Amino acid sequence: MASDSHTWNLVFLQLLLEELGHRVTNLGACVPDELLVAECRRIEPDLIVLSSVNGHGFHDGLRVISALRTCPELGRTPTVIGGKLGIAGTGSPARQQELLTAGFDGVFEEGGSVLDFHSFLGSLSAGSRAVPGGPKALPAGRPEALPAGPEALPAGSGVLL
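Please read these numbers as outputs of a predicted model, since none were measured by experiment.

Visitor: Give me helix α3 (residues 57-69): which residues, what numbers.
Guide: Over its 13 residues, α3 extends 17 Å from the first C-alpha to the last, a length consistent with the 18 Å expected when each residue adds 1.5 Å. Three or more residues of α3 are buried, namely Gly 57, Phe 58, Asp 60, Gly 61, Val 64, Ile 65 and Leu 68. On an axial view of α3, the arc spanned by its buried residues comes to 150°, and they lie on one face. Buried-residue contacts for α3 involve α2 (33-43), β2 (47-52), β3 (79-83) and α4 (93-102).

Below you can see the structure in the form of structure tokens.
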């Protein structure tokens, strides 16, 4: 996101997604909102992953998801946010709900399990542009098993990071 200049979290996510067999386009740190939207329109990813470690993810995320959801081509593209979303600690149900209400399909706060994110990936259908069962908040300490099966986002799907 535009205010987050950290790159190691993005490298970790890219390696994780590639290890799971997905093609990843990593736009890097400090990506202006307009560039993010333009690249999403150009690439047409199966999933958009936003990550923050500076504590401004909540505010940046609300702004970015609005820009993504108002774009007709991206309105149904599954989009998740994770990392350090605020400076007052993790696991705020109100913060997670506000992000989901704004249009995110998943919220993965710092301290949560990578297995939660992996389960979420398994619940997505490639090319469906929709998340089965609606948005999910997966707070730390409450792993939620989502079904992974023949409809799961297959290896080789395009993920924009």
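Visitor: Provide a residue-level description of the packing of aromatic side chains, including the pertinent values.
Guide: Scanning the model with the defined rule gives 2 aromatic pairs in all. Measuring from centroid to centroid gives 5.4 Å for Phe 108 and Phe 117, while their planes differ by 85°, and the two rings are edge-to-face. Assessed through its relative accessible area of 11%, Phe 108 is described here as buried. On the basis of relative accessible area, Phe 117 is assigned to the buried category, the value being 7%. On the numbers, 5.5 Å between centres and 75° between planes, the contact of Phe 108 with Phe 120 is edge-to-face. A residue pair is termed long-range when its members are at least 10 positions apart, and Phe 108 in strand β4 (residues 106-109) and Phe 120 in helix α5 (residues 114-123) qualify at 12 residues. Overall, the relative accessible area of 0% leaves Phe 120 in the buried class. Taken together, the ring pairs connect Phe 108, Phe 117 and Phe 120 into an aromatic cluster.

Visitor: Can you break down the pattern of salt bridges residue by residue, with the values?
Guide: For the coordinates displayed, the defined rule picks out 6 salt bridges. For the salt bridge of Glu 73 with Arg 41, the shortest nitrogen-to-oxygen distance reads 2.9 Å. Of this pair, Glu 73 sits in the loop between α3 and β3 while Arg 41 is found in helix α2, placing the two residues 32 residues apart along the sequence. Among the residues examined, Glu 73 registers a relative accessible area of 41% and is labelled partly exposed. According to the relative accessible area criterion, Arg 41 is partly exposed, its value standing at 44%. Of the charged contacts, one joins Arg 95 and Glu 109 as a salt bridge, the two residues approaching to 2.9 Å between their closest N and O atoms. Here Arg 95, found in helix α4, pairs with Glu 109, found in strand β4; they are 14 residues apart in sequence, far enough to count as distant. A cluster of three or more residues bridged by salt bridges with shared partners is formed by Asp 33, Asp 60 and Arg 63.

Visitor: Tell me about the state of the cysteines, and please be specific about residues and values.
Guide: Within this structure, the stated rule accounts for 0 disulfides. The thiol of Cys 71 is unpaired, and the distance to the nearest cysteine sulfur, on Cys 40, comes to 8.6 Å. A relative accessible area of 6% places Cys 71 in the buried class.

Visitor: Go over α2 with me, naming the residues and quoting the values.
Guide: By the burial criterion, the buried members of α2 are Asp 33, Leu 36, Val 37, Glu 39 and Cys 40. Down the axis of α2, the buried side of the element spans an arc of 165°, and every buried residue falls inside it. α2 presents Glu 34 and Arg 42 as exposed residues on the side facing more than 90 degrees away from its buried surface. Summarising the contacts, the buried residues of α2 are in contact with β2, α3 and β6 (158-160). In the stretch just after α2, Glu 44 is the one whose phi turns positive, near 55°.

Rules used throughout
Residues numbered from 1 in each chain as written. Predicted model: local features only at pLDDT ≥ 70, side-chain atom pairs only at ≥ 80, totals over all residues. Heavy atoms only, no water. Helix = DSSP H or I, 4+ residues; strand = E, 2+ residues; numbered from the N terminus. Expected span 1.5 Å × (residues − 1). Buried < 20%, exposed > 50% of the residue type's maximum accessible area, 1.4 Å probe, protein only. Arc of directions from axis to C-beta. Contact = heavy atoms within 4.5 Å. Phe/Tyr/Trp six-rings, centres within 6.5 Å; stacked < 30°, edge-to-face > 60°. Salt bridge = Lys/Arg side-chain N within 4 Å of Asp/Glu carboxyl O. Disulfide = S-S within 2.5 Å.

Everything listed here is a matter of geometry and, on its own, says nothing about what the molecule does.
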